Every structure is written in structure tokens, then in C-alpha cells.
Amino acid sequence: MSDTIFDRIIRREIPADIVFEDEHLIGFRDIAPQAPVHVLFVPKTPIARLNDLTPAHAEIVGRLAVAAADFAKQEGFAEDGYRIVMNCNEHGGQTVFQIHLHLLAGAPLGRFGTSK
Ligand code: AMP
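Counting restarts for each chain, with residues numbered from 1 along the sequence as it is written. A pLDDT threshold of at least 70 governs which residues receive local features in this predicted model, and a stricter bar of 80 or more applies before side-chain atom pairs are shown or counted, although totals over entire chains, interfaces and linings include all residues. Note that the side-chain values use all heavy atoms of the structure and ignore hydrogens as well as water.

Focus: the packing of aromatic side chains
Stated precisely, the cut-off is as follows: Only centres within 6.5 Å qualify two rings of Phe, Tyr or Trp (six-membered ring in Trp) as a pair; their planes then separate them into stacked at under 30 degrees, edge-to-face at over 60, and tilted for everything else.
What the rule picks out here adds up to 5 aromatic pairs. Measuring from ring centre to ring centre gives 6.1 Å for F77 and Y82, while their planes differ by 80 degrees; the resulting arrangement is edge-to-face. Among the aromatic residues, ring-to-ring pairing joins F20, F41, F71, F77 and Y82 into one connected group.

Here's the deal with the pattern of salt bridges
Inclusion rule: In what follows, salt bridge is the name for a side-chain nitrogen of Lys or Arg lying within 4 Å of a carboxyl oxygen of Asp or Glu. Strands are runs of DSSP state E lasting at least two residues, helices are runs of H or I lasting at least four, and both sets are numbered from the N terminus onward. Only protein chains enter the calculation, and the probe is 1.4 Å; a residue is then buried if its accessible area is under 20% of its type maximum, exposed if over 50%, and partly exposed in between.
On inspection of all chains with the given rule, the structure shows 8 salt bridges. The partner of E59 in a salt bridge is R63, with the nearest N and O atoms 2.6 Å apart. Here E59 and its partner R63 are both found in helix α2 (residues 58-75), 4 residues apart, which amounts to about one turn of the helix. When its relative accessible area of 52% is taken as the criterion, E59 is described as exposed. Since its relative accessible area comes to 29%, R63 is described here as partly exposed. In this structure, K73 and D70 form a salt bridge, with 4.0 Å as the shortest nitrogen-oxygen distance. Taken as a pair, K73 and D70 lie in helix α2 at a separation of 3 residues, close to a single helical turn.

Any functional reading would require information beyond the geometric quantities listed.
Here it is as C-alpha cells:
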């Protein structure tokens, strides 16, 4: 059974600032925000890594992006703009092994993808 910290948030075993939920996804504010707005959208289906995706997951991955875009419109920053990011494994900076989409917004964001 999958048991990441995000599964525990979905099960309400630990608190989170939840901003969105439906039968497929949950969205909550990142505990260590990297932008004025930093929300994570997480599928309720256990999928550890982007590497585990198959065509059967196409709908749920699409739902992540739709939920983020809807949230941006609802919160009024869609026209200013935002960034969505998904990290995979060590080089991608993944630390929680349940796939998730980061929504970052609220200020002009720096360029991305630089290596040390
Ligand atoms: P990643 O590094 O792409 O796996 O992203 C994991 C994200 O989860 C990080 O940005 C963390 O700050 C965030 N995070 C970890 N624990 C929590 C938590 N309990 N509540 C909200 N966000 C969390």
C-alpha cells in the first residue's frame, strides 16, 4: 500500500491547507512555499513516479493540469501567469514518491532548470 505523507494528508491523518478536492485529486498549499502561491495537486490513485505512468494514467495527469488552471482562474492570477512543475527522481528533485504537480504563482518567477 502506498503510504507517503500525501496519502496521510488525503486520509486526514495530518493537517494541510486544502484548497481543492474531488473524487480524483486533492490540492493543498506547500508547507515550504517557493513562490507567493505554491499549491500541490496530487492524484488519489497511487503512482510513485512519472516513470510509472502508462497511457491508462493520461486522464488523471490531465486532471492535474486542469485543476491547476481552474485554481489560477478562480484565484485571479491566471492572466498574470503561473508555472506548473512535476519532478521525477533524484535529478528532478523529487522528495515525495507520489506524483504531484506544483503550481507556482504570485510574482514573476526566475528561469528554471539550472544545474548547480
Ligand atoms: P517534490 O520535491 O517535487 O517531491 O515536492 C514535494 C513537496 O512537498 C515539497 O515542495 C515539500 O515542501 C512539500 N511537502 C512536504 N511535506 C508536506 C506537507 N506535510 N504539507 C505540504 N507540503 C509538503
